[in-house]
Amino acid sequence: MRPSGAKNLLPPGLVSNLQDVLSSKKGGTKNEDSPEPNSVDDTKPVVLVTNADGIESPGLTYLVDALVRQALYNVYVCAPQSDESTAGHSFTLKESIAVTSAEIHGATAYEVTGTPVDCVSLALSGALFSWSKPMLVISGINKGSTCGRHMFYSAVVAGARESLFSGVPAISMSLDWKNDESKESDFKDAVSVCLPLINAAIRDIEKGAFPKCCFLHVEVPKSPLTNKGFKLTKQSHWSPKLCWQAISANRNHAAGRFVPNQQSLGLQLAQLGRDASAAGAARRLATQKKNIEEVESVGVSGKSDSNRKAKYFRLELLDKKQEEEDEDLDFRALENGFIAVTSVSLSMHVDADIHAAASEWISTALEVEQ
């Protein structure tokens with residue numbers, strides 16, 4: 001037996017697998033087709049909740065709690081294990097992810113070592129849950145505004161988009177969090193003002209009256225309870241400024257990946273220990289070691305000089321002044337205290353004048369080349 005005070009050095013996913021094997025050897029055979037642990041009322045709609053900030057974030061916790069307390073839906077959760085806010089629409093390919101049951105009262109919940117897109121795709125695949133598909137997927141509530149072109153970077157929006165890819169209606173939600181004035185209870189208030197919209201969506205989905213060509217992205221103002229009401233908005237051209245900062249190689253930046261010291265490698269190994277298998281962790285560690293040792297500036301890329309020096313950079317997203325004045329744009333409505341609701345389509349539609357300009361250029365360019 002392992003002493004009670006000793007640390008568990010094995011990856012949690014591997015420990016879980018070993019426990020399943022030991023359980024089966026003791027006669028406790030696991031039924032793969034058995035229903036989820038919480039009782040399910042087949043007469044209630046299924047609602048799937050995910051997010052981008054991680055399964056322990058207050059935005060998700062308050063949302064799930066409110067949905068459960070209504071007792072109107074069967075609530076399921078499949079969310080990232082850690083913060084994946086700027087993962088965009090990325091997903092995990094050619095690598096295993098770990099899925100572990102999580103304790104959220106009244107809901108069947110799993111945490112995933114992947115992105116929100118992984119979570120939604122897995123949940124809708126039929127491989128994790130017994131139901132075929134939910135009535136609605138809710139992604140959020142995200143900490144921080146995701147207006148305008150920031151939606152392309154946003155993983156909370158990607159979670160809803162992935163749902164619509166599979167034909168399942170979806171809503172993504174964000175709170176306009178301000179570091180110097182917002183507090184955790186604002187998430188609870190944001191849930192309370194969004195709940196009527198969620199209930200109305202599920203009601204109309206059952207009636208076949210909810211739009212099938214888009215999903216809804218909801219932006220809640222920084223003081224949710226003093227909002228001026230819901231306002232249908234248009235996606236603006238606002239986007240954060242990507243600012244790259246050169247950093248010193250001997251400084252230990254907590255969230256930095258390329259920090260060449262043994263302490264940083266130890267922290268990365270601890271994180272990798274959350275993988276599903278020891279082999280997967282070893283592969284990822286080897287890759288990150290290689291990155292740490294071989295990150296180069298563009299100027300020396302490809303050269304074999306053993307004396308070459310690595311340069312290190314860190315990306316920050318900065319706000320910038322907004323020039324658009326249309327009151328119906330998402331960020332402007334949010335600034336004015338409205339709950340901004342933007343319909344987001346999957347169509348890569350191009351306006352007629354843009355199509356005509358591109359067509360004219362292509363024709364002219366090809367004529368010149370020929």
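- The name given to the chain in an unreviewed UniProt entry is Survival protein SurE-like phosphatase/nucleotidase domain-containing protein, with Anisodus tanguticus as the source organism.
- You can read under Sequence similarities (unreviewed entry) in the UniProt record for the chain the words "Belongs to the SurE nucleotidase family."

## Thoughts on unusual backbone geometry
Backbone phi values are negative for most residues with the exception of glycine, while trans is the configuration of most peptide bonds.
Next, step 1: Note the cis peptide between G140 and I141, where omega equals 5 degrees.
Next, step 2: Phi angles above zero are rare outside glycine, and A71 is one such case at about 60 degrees.
Next, step 3: Mapped onto the elements, A71 comes out in the loop between α2 (58–70) and β2 (74–80).
Next, step 4: A relative accessible area of 45% means that A71 is categorised as partly exposed.

## Quick word on the layout of surface pockets
Next, step 1: Roughly 960 Å³ of volume is contained in the second largest pocket.
Next, step 2: Looking at the second largest pocket, it is lined by 31 residues, and the ones nearest its centre are G144, S145, D176, W177 and D319.
Next, step 3: Of all the elements in the fold, those that place two or more residues in the lining of the second largest pocket are β5 (136–143), β10 (312–318) and α8 (330–335).
Next, step 4: The dominant element in the lining of the second largest pocket, judged by the number of residues it contributes, is α8, at three residues.
Next, step 5: Residues belonging to the lining of the second largest pocket are distributed by class as follows: nine nonpolar, 14 polar and eight charged.

## What to know about the packing of helix α3 (residues 116–125) against helix α4 (residues 155–165)
Next, step 1: Between α3 and α4, the shortest axis-to-axis distance is 8 Å and the interhelical angle comes to 25 degrees. Between α3 and α4, the angle is such that the two are roughly parallel. Crossing of α3 over α4 shows right-handed handedness. Listed contacts from α4 to P116, V117, V120, S121 and L124 of α3 are A155, A158, G159, E162 and S163.
Next, step 2: Per-class residue counts for the contact of α3 with α4 are six nonpolar, three polar and one charged.

## Re the sheet that holds strand β8 (residues 230–233)
Next, step 1: Strand order in this open sheet of nine strands is β3-β4-β2-β1-β5-β6-β7-β11-β8, and the pairing throughout is mixed. Edge positions in the sheet fall to β3 (99–102) and β8, since each has one partner strand and no second. Ignoring strand direction, the axes of neighbouring strands in this sheet form an average angle of 25 degrees.
Next, step 2: Sheet topology note: the strand β6 (residues 170–175)/strand β7 (residues 214–220) ladder contains five bridges and is parallel. Within β7, the residue paired with S174 across the bridge is E219.
Next, step 3: Against the sheet, helix α5 (residues 185–207) makes contact with β1 (46–50), β5, β6, β7, β8 and β11 (339–345), and its axis sits at roughly 160 degrees relative to β5, the strand it touches most.

## Let's talk about the environment of I198
Next, step 1: Within the element layout of this structure, I198 appears in helix α5.
Next, step 2: Overall, the relative accessible area of 1% leaves I198 in the buried class.
Next, step 3: Residues I198 and L136, 62 residues apart in the sequence, show an inter-C-alpha distance of 8.9 Å.
Next, step 4: Ignoring anything within four residues of it in the chain, the contact list for I198 reads L63, L67, L136, I138 and M173.

## Considering the packing of aromatic side chains
Next, step 1: The final tally for this structure, using the stated rule, is five aromatic pairs.
Next, step 2: Here W177 and F187 contribute two aromatic rings whose centre-to-centre distance is 5.4 Å and whose plane-to-plane angle is 20 degrees, an arrangement assigned as stacked. Linking W177 in the loop between β6 and α5 with F187 in helix α5, this pair joins segments that are 10 residues apart in sequence. Residue W177 shares its accessibility class with F187, and that shared class is buried.
Next, step 3: The rings of Y76, Y110, F129 and W131 are connected pair by pair, giving a single aromatic cluster.
Next, step 4: Geometry around F338 places K231 over its ring, the cationic atom sitting 5.0 Å from the centre.

Rules used in this analysis
Residues numbered from 1 in each chain as written. Predicted model: local features only at pLDDT ≥ 70, side-chain atom pairs only at ≥ 80, totals over all residues. Heavy atoms only, no water. UniProt positions renumbered as here; feature names shortened; annotations may be inferred. Helix = DSSP H or I, 4+ residues; strand = E, 2+ residues; numbered from the N terminus. Buried < 20%, exposed > 50% of the residue type's maximum accessible area, 1.4 Å probe, protein only. 1 Å grid on protein atoms, 1.4 Å probe; cavity = no way out; pocket = protein on both sides within 12 Å on 5 of 7 lines; lining within 4 Å. Points joined across faces, edges and corners; volume = space filled by probe spheres on them. Nonpolar A, V, L, I, M, F, W, Y, C, P; charged D, E, K, R; others polar. Axes fitted to C-alpha atoms, helices over the stretch in contact; angles between N-to-C directions. Parallel < 35°, antiparallel > 145°, perpendicular 65-115°, else oblique. Left-handed = near helix turned anticlockwise from the far one by under 90°. Contact = heavy atoms within 4.5 Å. Pairing = 2+ DSSP bridges. Phe/Tyr/Trp six-rings, centres within 6.5 Å; stacked < 30°, edge-to-face > 60°. Lys NZ or Arg CZ within 6 Å of the ring centre and 35° of its normal.

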